[in-house]
Amino acid sequence: MARSSRFTCSSAAAMAMVGAHGSSSSDDDEAGEEIESAPPLGVGEERAIGSSGIRKRLLRAGQGWATPVPPDEVTVHYVGSLPDGTRFASTRDGAGQPRTFNLGSGGVVAGLERGICTMKKGEKALFILPPLASGDKDVTSVPTGSELHFEVELLSWFTVLDIYRNGGIVKKILSAGGTRHTGDLDEVTVKYKIKLLDESIVEESTEEGSTFFVNEGHDCPALPKVLKTMKEGEKAVVMVQSQYAFGEQGRAAKAQFCAVPPNSAVNMDVELVSLKPVVDITGDMKVLKKTLRCGDGIRTPHDGETVRIRYTGCLEDGTVFEKLGFDEEPFEFTIDEEEVTVGLDSAVATMVKGELAKVTVNFEYGLGDTEVERQLITVPPCSTLIYEVELIDFTKEKESWEMSPHEKLEAAEKLKVAGNDLFKIGKFQRAGKKYSKALNYVNEDGHFEDGIEKSITNLRVFCWLNHAACCLKLKDFAQAISLCSKVLEIESCNVKALYRRAQAYVESYDLELAKRDVLKALELDPNNKDVKLLQVNLKKLQVESNKRDAKLYANMFDRTSKESDVVSKKRRVESASHSEETKNVEEDKAKEVVKEE
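As the structure is a prediction and not an experimental result, all values here were calculated from the model.

Q: Which residues make up the overall build of the protein chain, and what values do they have?
A: If you tally the helices and strands in the protein chain, you get twelve helices and 23 strands. A buried classification covers 40% of the 597 residues belonging to the protein chain. Contacts in the protein chain between residues at least 24 apart in sequence constitute 66% of all its contacts with a sequence separation of at least 6. Just so you have it, the protein chain exposes about 32400 Å², and 50% of that area is on carbon and sulfur atoms.

Q: Account for the pairing of strand E6 (residues 124-129), with residues named and values stated.
A: Among the six residues in E6, six count as buried, and that is most of the element. In terms of strand pairing, strand E2 (residues 54-60) meets E6 through five bridges, oriented antiparallel. Residue pairing in the sheet places Leu 58 in a bridge with Ala 125 of E6. Here E6 pairs with strand E7 (residues 148-158) via six bridges, running antiparallel. Within E7, the residue paired with Leu 126 across the bridge is Glu 151.

Q: How would you summarise the pairing of strand E11 (residues 201-204) if you had to cite specific residues and measurements?
A: As defined by bridge partners, strand E10 (residues 187-196) adjoins E11 across three bridges and the pair is classed as antiparallel. Across the sheet, residue Lys 195 finds its bridge partner in E11, namely Ile 201.

Q: Quick one: what's the story with the environment of Glu 207, residue by residue and with numbers?
A: Among the structural elements, Glu 207 can be located in the loop between E11 and strand E12 (210-213). Classification of Glu 207 as exposed rests on a relative accessible area of 69%. The spatial distance from the C-alpha of Glu 207 to the C-alpha of Val 190 is 9.8 Å, given a sequence separation of 17 residues.

Q: Describe helix H10 (residues 495-507), naming the residues involved and giving the relevant values.
A: Helix length check: H10 (13 residues) gives 18 Å between terminal C-alpha atoms against 18 Å at 1.5 Å per residue, within 8%. Across the 13 residues of H10, ten count as buried, placing the element largely inside the fold. Those residues of H10 that sit buried are Val 495, Ala 497, Leu 498, Tyr 499, Arg 500, Arg 501, Ala 502, Ala 504, Tyr 505 and Val 506. Count one or two residues on from H10 and you reach Tyr 509, which has phi positive near 65°.

Q: Residue-level account of the packing of aromatic side chains, with values.
A: According to the stated counting rule, one finds eight aromatic pairs in the structure shown. Where Tyr 164 meets Tyr 244, the ring centres are 5.1 Å apart and the plane angle is 10°; that geometry is what we call stacked. Pair noted here: Tyr 164 is in the loop between strand E8 (160-162) and strand E9 (169-175) and Tyr 244 is in the loop between strand E13 (235-240) and strand E14 (266-276), with a separation of 80 residues, a long-range link. In this structure Tyr 164 comes out as partly exposed when scored by relative accessible area, which is 36%. Plain terms: the ring middles of Phe 423 and Phe 428 are 5.1 Å apart, the flat faces sit at 65° to each other, and that makes the pair edge-to-face. Residue class for Phe 423 comes out partly exposed when judged on its relative accessible area of 27%. In this structure, Lys 396 is placed above the aromatic ring of Phe 394, and the distance from its NZ or CZ to the ring centre is 4.4 Å. Above the ring of Phe 462, the side-chain terminus of Lys 416 is found at 4.7 Å from the ring centroid.

Q: Describe the pattern of salt bridges, naming the residues involved and giving the relevant values.
A: Inspection of every chain in the model, using the stated rule, returns 38 salt bridges. As a salt-bridge pair, Lys 172 and Glu 73 come within 3.0 Å of each other at their nearest N and O atoms. Note that Lys 172 is positioned in strand E9 and Glu 73 in strand E3 (residues 73-81), a separation of 99 residues in sequence. For Lys 433, the salt bridge goes to Asp 303, with nearest N and O atoms at 3.4 Å. A residue pair is termed long-range when its members are at least 10 positions apart, and Lys 433 in helix H7 (residues 428-441) and Asp 303 in the loop between strand E16 (287-293) and strand E17 (306-314) qualify at 130 residues. Each member of the salt-bridge network shares a partner with another, and the members are Glu 337, Glu 338, Lys 427, Arg 430 and Lys 434.

Q: Can you tell me about the UniProt feature "repeat: TPR" (unreviewed entry) in the protein chain, naming the residues and giving the values?
A: UniProt marks residues 495-528 with the feature "repeat: TPR" (unreviewed entry), using the numbering shown here. Structurally, residues 495-528 comprises 79% helix and 0% strand, and the distance from its first C-alpha atom to its last is 9 Å.

Q: So what's going on with the packing of H10 against helix H11 (residues 511-524)? Residues and values would help.
A: Running from N to C, H10 and H11 cross one another at 155°; their axes reach a closest spacing of 8 Å. Comparing the axis directions of H10 and H11 gives the class roughly antiparallel. Between H10 and H11 lies a crossing of left-handed hand. Of the residues in H11, those touching H10 at Val 495, Leu 498, Arg 501, Ala 502, Tyr 505 and Val 506 are Leu 511, Leu 513, Ala 514, Arg 516, Asp 517, Val 518, Lys 520, Ala 521 and Leu 524. When its residues are assigned to classes, the contact of H10 with H11 shows eleven nonpolar, no polar and four charged.

Q: Tell me what's going on with the packing of helix H9 (residues 477-490) against H10, and back it up with residues and numbers.
A: Contact geometry of H9 with H10 gives a least axis separation of 9 Å together with a crossing angle of 155°. Between H9 and H10, the angle falls in the class roughly antiparallel. Between H9 and H10 lies a crossing whose hand is left-handed. Residue-level inspection shows Phe 477, Ala 480, Ile 481, Cys 484, Ser 485, Val 487 and Leu 488 of H9 in contact with H10, the latter providing Ala 497, Leu 498, Arg 500, Arg 501, Ala 504, Tyr 505 and Glu 507. Of the residues that constitute the contact of H9 with H10, the class distribution is ten nonpolar, one polar and three charged.

Parameters and conventions
Residues numbered from 1 in each chain as written. Predicted model: local features only at pLDDT ≥ 70, side-chain atom pairs only at ≥ 80, totals over all residues. Heavy atoms only, no water. Helix = DSSP H or I, 4+ residues; strand = E, 2+ residues; numbered from the N terminus. Buried < 20%, exposed > 50% of the residue type's maximum accessible area, 1.4 Å probe, protein only. Contact = heavy atoms within 4.5 Å. Areas by Shrake-Rupley, 256 points an atom, 1.4 Å probe, with all protein chains shown as cover. Pairing = 2+ DSSP bridges. Expected span 1.5 Å × (residues − 1). Phe/Tyr/Trp six-rings, centres within 6.5 Å; stacked < 30°, edge-to-face > 60°. Lys NZ or Arg CZ within 6 Å of the ring centre and 35° of its normal. Salt bridge = Lys/Arg side-chain N within 4 Å of Asp/Glu carboxyl O. UniProt positions renumbered as here; feature names shortened; annotations may be inferred. Axes fitted to C-alpha atoms, helices over the stretch in contact; angles between N-to-C directions. Parallel < 35°, antiparallel > 145°, perpendicular 65-115°, else oblique. Left-handed = near helix turned anticlockwise from the far one by under 90°. Nonpolar A, V, L, I, M, F, W, Y, C, P; charged D, E, K, R; others polar.

Pasting the structure below:
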């Protein structure tokens, strides 16, 4: 459990840090660039920091490369003196206690914070500040116009993160975690203690920690928000203002925990003990993979590669319907060949060797809406499937860059044939993937020998055209247009490319562009029945389009005419009214004249 550490930063201080961190002058930006581009200071060397007149002399080198930034909490020793050696401030006098403050909160003399931001842990430096204005509130007993010298030792600092940049949730990291960040869907185990500012405990996890999914939320809304900024193993203390804690309503006492009064700020001690990453495989929350054990490396299986797994499949109530790969040999299947459910196939394709995962599959990516006989039971319709699967190993095909030109051509030819077979049985999406993969082997960036260059070009054209045909079936007309255009860039008289691009233009309702491609195709092949049929359909669509346009314009003119009539009538009424008013005014004036006489 993270050690208890009260976070004493007030709301006002937090807002001050936000202001300091959230804005900077152009001088600051230029100074940062100057320091960044300069070589590291050597011990005894001196350098100006930006254009503000501050100079730094390195007295002792620090550790590592990291430096603090606002609103980090730093602990320093410093001695402030005048050029003649007269001290006016020191943390080393008396008990010699170092000073701790947040950068950006105005905790030290103006300008010194900027110098501290250039220091590494353990570093000691002398900062020479230009003369301060008379009456500077941070420095007393210093003659006006005096140059100030500060000898500073940076003992340590804690990284502080203002999550919403408004002081509402401010996290101080006590112990950095590993490399894995928390995601919205992840399952986390967390040790936490939530306290009022008087240290009264209002919520606490069990000793082992509480386990829940981040997106499920928590009684204290701030906790999931904080967890999304943490890494596995990280420990932190967090200051939370009332609007992000329990709000205006507060919370009644529960179990052994005291009540939370309305509008109460809280402090939290948080330790992210562990996390199990959860990934939305299909992007619609219908296939979710939770990693139970990480594997080795980063390489995942590609389409067409054979994987060896062991898995147990069960229903939501725990009933096992299938268990494979646990006997003598692992279970084998080929990725993207429909040898297992789509959900399991898709999930395994994201795994690395040795990974163990729990995969939850909606019926749409599982066994569908009908009853299906499996290894151990008959699975009811519309069943959610839960797999616990381990990727033992998988075959690795040669990468394109590892192949010779002839090997690339051979691999692409095989994929083209596989794509053709899939197209014939209506598997257009999978066929398109085969053509796309084939094109990756023979892409235009590759260098090929003169002897096979023609074969490569013919193969590209074939795959572009057939992939375009798949896109038309899948109603991806923009991609179909793009693929046909690639063909026409190298074969401007390719009738198939003109025909398929015209089809895509028609479906996209770009009738003029479709007409242009149809006319050119008929010029090249006047007897092409498919193109002629498309031309007939195109003419019908153009007639319908012209009728709609005529009706639209007629309505527009009619409406404009009516609006003009209304405006004209309104003006006549206003003119008549104005004339009547003028007449009445003149009559009144005449009456007044008569009375005076």
